[in-house]
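Summary of the model geometry
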Amino acid sequence: MKPSLRGYGEILLKYLKPQWPRVLLLAVVLISSIVLKVFNPQIIRYFLDAATSGNAVQNLSIAALIFLGLALLIQITSVAATYVGENVGWRATNSLRADLALFCLKLDMSFHNDKTPGDMIERIDGDVMDMAIFFAQFIIRILGNILLLGGILVALYLEDWRIGLALTVYSIISLAVFNKLRDVAVPHWKASRDASSDLYGFVEEQLAGTEDIRASGANNYVMRNLFKFNRIRLEKEQKAGVMNILVVQAWIGLYAAGRIVAFITGFYLFQQGSITLGTAYLIVYYTDAIFRPLREITNEIQNLQKAGGSIGRINELYQIENKIKDTGTGTLSTGALSVEFDHLKFGYNSEELILDDINFHLQPGQVLGLLGRTGSGKTTITRLLFRLYEISDGSIRLSGKDIREVKLSDLQKHIGMVTQDVQLFRASVRNNLTFFDTSISDAEIMRVLEDLELMDWFAGLPAGLDSELESGGKGLSAGEAQLLAFTRVFLKNPGLVILDEASSRLDPATEQKIERAVDKLLKNRTGIIVAHRLATVQRADEIMILDGGHIAEHGTYDELAHNAESRFAGLLRTGLEQVAV
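A brief look at the structure comes next. Every residue gets a number counted from 1 within its own chain, in the order that chain's sequence is written. Local features in this predicted model are restricted to residues whose pLDDT is 70 or higher, and side-chain atom pairs enter the listing and the counts only when it is 80 or higher, whereas totals over whole chains, interfaces and linings include all residues. For side-chain calculations, the full set of non-hydrogen atoms in the structure is used, while hydrogens and water are omitted.

**Notes on the overall build of the chain**
Definition in use: Under the DSSP-based scheme used, a helix requires at least four consecutive residues in state H or I and a strand at least two consecutive residues in state E, with every element numbered from the N terminus. For every residue, the accessible area obtained with a 1.4 Å probe (protein chains only) is divided by the maximum for its type, and the residue is called buried under 20%, exposed over 50%, and partly exposed between those limits. Residue contacts are defined here by distance: any two heavy atoms, one from each residue, within 4.5 Å place the two residues in contact. Residue exposure ignores everything except the shown protein chains as possible cover, and the areas themselves are Shrake-Rupley values with a 1.4 Å probe.
Secondary structure summary: the chain contains 18 helices and 12 strands in total. Taken over the C-alpha atoms alone, the chain extends approximately 120 × 50 × 50 Å along its principal axes. In the chain, which comprises 581 residues, the share counted as buried stands at 46%. Contacts in the chain between residues at least 24 apart in sequence constitute 77% of all its contacts with a sequence separation of at least 6. Of the roughly 29200 Å² of accessible surface on the chain, 57% is carried by carbon and sulfur atoms.

The following block contains the structure:
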């Protein structure tokens with residue numbers, strides 16, 4: 001998608017409008033700098049004409065000092081404009097990055113399943129980095145130089161309309177050529193960004209699997225594919241670079257043409273006696289001055305091209321429609337929730353159903369033990385309860401309300417989950433336990449920690465709740481991380497709790513703590529236990545066994561356990577817990 005000039009303007013307006021005081025200051029500094037740059041050559045003309053006419057040395061000295069003073073002032077205003085412009089640009093960029101990150105976080109899981117973390121990093125950081133240069137440099141280098149160009153042309157028209165007209169035509173032709181080259185180059189820079197995104201996605205995947213790669217001796221495979229992605233990126237960069245060379249060559253040719261026009265025009269008018277020597281110099285100086293903004297614009301064309309590719313990719317991202325529409329207005333009541341799956345069908349794609357005609361009803365306060373082989377659909381059921389995916393057919397109701405009619409924020413508030421893999425953040429213990437919810441008091445956190453028998457662990461923290469945890473939970477045992485996950489759910493106080501074999505990776509002593517925590521957590525709450533071991537579902541009121549996306553067996557624990565013909569009874573008799581996996 002090639003962005004139009006309107007596309008550039010819209011994104012500039014969106015992210016610069018909130019900073020209008022800084023933009024106004026930038027405009028004042030920039031215009032002041034332009035006025036000084038246009039006026040300063042007039043002093044040189046005066047100096048030359050005064051010198052050739054035998055004017056007093058004192059007048060020439062004053063003119064020279066004024067020229068030097070204005071030159072120094074020009075440098076000061078230029079530095080100030082650059083500083084304010086960079087400040088505005090980076091603030092705009094950070095806002096864009098935040099908007100992109102929030103947009104991606106709101107997209108359904110089908111989008112995230114198709115994207116690698118490396119690809120997303122390149123999208124949100126790499127593309128936006130090019131936009132940072134665009135925001136910062138567009139105003140200073142492009143817009144500012146266009147204004148400077150206009151000021152110089154006005155000054156030339158005031159000197160002689162023929163000079164002004166000749167250099168106006170020259171400037172229009174130059175800008176038209178540059179704009180055309182921009183349109184040619186943008187697709188190549190977009191392809192370059194895509195290739196870079198693929199490379200970083202590959203690198204991220206390989207780094208995440210370093211242990212498996214080394215253990216299986218797949219180093220050669222990784223290096224071969226790394227060379228392949230790098231070669232593709234190099235080819236794309238080379239094509240984009242060739243387009244940039246066209247811009248440079250056009251710049252050189254137009255520069256030569258401009259100087260020819262200036263020298264011929266100046267010489268002709270001087271020979272005719274229409275202008276003085278100082279004015280002839282002024283024509284040449286202004287021509288070079290015209291060329292300087294054109295050259296600056298040319299140098300920034302590459303950044304504009306990169307920004308064009310990034311804008312195209314950003315627009316493509318924004319055009320992705322979220323399959324999960326948060327249009328519900330309903331809310332769920334506090335307390336234990338009933339769960340009802342009404343002839344539900346779901347597949348991650350349209351070709352294959354993962355769940356087919358799932359139909360059951362779980363009363364408030366009851367606990368369901370969910371068993372089944374890997375791939376039978378156990379985890380999918382828990383994801384659908386959170387509405388991470390949209391169901392294909394049928395419905396899910398909590399306390400009689402279709403989850404599509406409930407606000408997503410309220411749905412997430414009333415459901416809690418603990419899994420084997422606990423995600424911890426580089427943040428304080430407090431923020432890790434509350435998920436950055438400042439409404440939860442320290443007193444409430446301490447009450448839950450004490451209730452979960454975690455005070456001994458807490459006493460060992462160097463700074464209490466302010467102690468920093470490392471990303472991924474480095475420095476914590478699996479048991480400690482699991483207990484923190486339970487603390488999160490207690491603080492959330494949901495009406496429905498989902499446990500995905502939360503104690504399978506723990507030592508016996510810690511597992512006993514977890515078992516006591518589970519008993520407390522499930523008290524007066526509805527629970528769904530995704531079990532990989534039969535011992536985990538002993539507290540369940542009902543048992544459901546999935547097989548190939550269908551309900552193979554469903555009933556109360558006692559009914560199935562005492563029914564010699566049931567699958568569940570067979571599992572209990574043989575004690576083969578791996579059958580449930």
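**Brief notes about the environment of lysine 106**
The topology assignment puts lysine 106 in helix α3 (residues 57–106). Relative accessible area serves as the criterion here: at 57%, lysine 106 is assigned to the exposed category. Through-space distance from the C-alpha of lysine 106 to that of leucine 207 is 27 Å; in sequence the pair is 101 residues apart.

**Remarks on the packing of aromatic side chains**
Stated precisely, the cut-off is as follows: Note on ring pairs: Phe, Tyr and Trp rings are taken, using the six-membered ring of Trp, and paired if centres are within 6.5 Å. Classes follow the plane angle, with under 30 degrees stacked, over 60 edge-to-face and the rest tilted. Working rule: Lys NZ or Arg CZ, within 6 Å of ring centre, within 35 degrees of ring normal, means a charge sits over the ring.
Per the counting criterion, the structure on display carries 10 aromatic pairs. Judged by centre distance (4.8 Å) and plane angle (15 degrees), the rings of phenylalanine 341 and phenylalanine 360 are stacked. Of this pair, phenylalanine 341 sits in strand β1 (residues 339–346) while phenylalanine 360 sits in strand β2 (residues 355–362), and the two are 19 residues apart along the sequence. Summarising the burial analysis for this pair, phenylalanine 341 and phenylalanine 360 share the class buried. A ring pair is formed by tyrosine 557 and phenylalanine 568, whose centres lie 5.2 Å apart and whose planes are at 75 degrees; its orientation type is edge-to-face. A residue pair is termed long-range when its members are at least 10 positions apart, and tyrosine 557 in helix α17 (residues 557–561) and phenylalanine 568 in helix α18 (residues 567–574) qualify at 11 residues. Of the residues examined, tyrosine 557 reaches a relative accessible area of 18% and is grouped as buried. Clustering of aromatic rings is evident, with ring pairs tying together Phe346, Tyr348 and Tyr389. The side chain of lysine 14 reaches across the aromatic face of tyrosine 318, ending 5.7 Å from its centre. A cation over an aromatic ring shows up here: lysine 228 above the ring of phenylalanine 229, its NZ or CZ 5.0 Å from the ring centre.

**Focus on the packing of helix α13 (residues 442–451) against helix α15 (residues 478–492)**
Rule in force here: To get an axis, a line is fitted to the C-alpha atoms, and for a helix only the part in contact is used. The angle between two axes follows their N-to-C directions and goes from 0 to 180 degrees. By the definition adopted for this analysis, an angle is roughly parallel if under 35 degrees, roughly antiparallel if over 145, roughly perpendicular if from 65 to 115, and oblique otherwise. Should the near helix be turned anticlockwise from the far one by less than a right angle, the crossing is termed left-handed; should it be turned clockwise, right-handed. Only Asp, Glu, Lys and Arg are considered charged in this grouping, and only Ala, Val, Leu, Ile, Met, Phe, Trp, Tyr, Cys and Pro are considered nonpolar; every other residue, Gly among them, is considered polar.
The N-to-C vectors of α13 and α15 enclose an angle of 125 degrees; their axes lie 10 Å apart at closest approach. When the interaxial angle is binned, α13 and α15 end up oblique. α13 and α15 meet at a crossing whose hand is right-handed. Contact with α13, carried on its side by Glu444, Ile445, Val448 and Leu449, involves Thr487, Phe490 and Leu491 of α15 and no other residues of that element. Of the residues that constitute the contact of α13 with α15, the class distribution is 5 nonpolar, 1 polar and 1 charged.

**Considerations on helix α10 (residues 378–385)**
Across the 8 residues that make up α10, a large majority, 6, are buried. Here α10 has its buried residues at Lys378, Thr380, Ile381, Thr382, Leu384 and Leu385. At the C-terminal side of α10, arginine 387 shows a positive phi close to 60 degrees.

**Regarding the nonpolar core**
Applied cut-off: By convention a nonpolar core is built from buried Ala, Val, Leu, Ile, Met, Phe, Trp, Tyr and Cys residues, the set being connected through side-chain atoms within 4.5 Å.
Grouped together as the largest cluster of nonpolar side chains are 48 residues, with contacts concentrated most on Leu96, Met131, Phe135, Ile152, Leu156, Tyr286 and Ile290. Among the elements of the structure, α1 (5–16), α2 (20–52), α3, α5 (117–159), α6 (161–208), α8 (219–271) and α9 (277–318) are those that each provide at least two residues to this core. No other element matches the 12 residues that α9 contributes to this core. Not counting residues up to four positions away in its chain, the partners in contact with phenylalanine 135 are Ile11, Leu12, Tyr15, Leu16, Gly89, Ala92, Thr93 and Leu96.

**Side note on the pairing of strand β4 (residues 393–398)**
Threshold: Here the rule is simple: two strands pair whenever DSSP picks up at least two bridges between them.
When β1 meets β4, the two strands line up antiparallel, connected through 5 bridges. Bridge assignment links aspartate 342 to a residue of β4, and that residue is serine 395. Here β4 runs beside strand β5 (residues 401–402); their pairing, made up of 2 bridges, is antiparallel. Residue pairing for β5: leucine 398 is matched across the bridge by lysine 401.

**Side note on the packing of α15 against helix α16 (residues 508–522)**
Where α15 meets α16, the closest approach of the two axes is 11 Å, and the angle between their N-to-C directions is 10 degrees. Of the possible angle classes, the one that applies to α15 and α16 is roughly parallel. Here α15 contributes Gly479, Gln482, Leu483, Phe486, Val489 and Phe490 to the contact with α16, which in turn contributes Thr510, Ile514, Ala517, Val518, Lys520 and Leu521. Across the contact of α15 with α16, the residue classes break down as 8 nonpolar, 3 polar and 1 charged.

**Examining unusual backbone geometry**
Its identity is not glycine, yet serine 399 carries a phi of approximately 50 degrees, on the positive side. Here serine 399 shows up in the loop between β4 and β5. Taking the relative accessible area as the measure of exposure, serine 399 reaches 32% and is therefore partly exposed. Although it is not a glycine, glutamate 453 sits at a positive phi angle of roughly 60 degrees.

**Focus: a nonpolar patch on the surface**
Filter applied, for reference: Patch definition: residues with relative accessible area over 30% and no salt bridge; like charges joined within 9 Å; nonpolar side chains (Val, Leu, Ile, Met, Phe, Trp, Tyr) joined within 5 Å. By definition here, a salt bridge exists when the distance from a side-chain nitrogen of Lys or Arg to a carboxyl oxygen of Asp or Glu is within 4 Å.
A contiguous nonpolar surface patch, about 560 Å² in accessible area, is contributed by Tyr157, Trp161, Leu165, Val169, Ile173 and Val177. Along the polypeptide, tyrosine 157 turns up in helix α5.

**Description of the side chain of serine 395**
Defined as follows: Here a polar contact is recorded for every N or O atom pair within 3.5 Å, except that within protein the pair must consist of a potential hydrogen donor and a potential acceptor, and residues adjacent in sequence are included only if both atoms are side-chain atoms.
Residue position: serine 395 is located in strand β4. Polar side-chain contacts of serine 395 include one of 3.0 Å to the side chain of arginine 397. Each residue touching serine 395, except ones within four places of it in the same chain, is listed here: Glu340, Phe341, Asp342, Leu344, Asp402 and Arg404.

Functional significance is not addressed by these values, which are geometric in nature.
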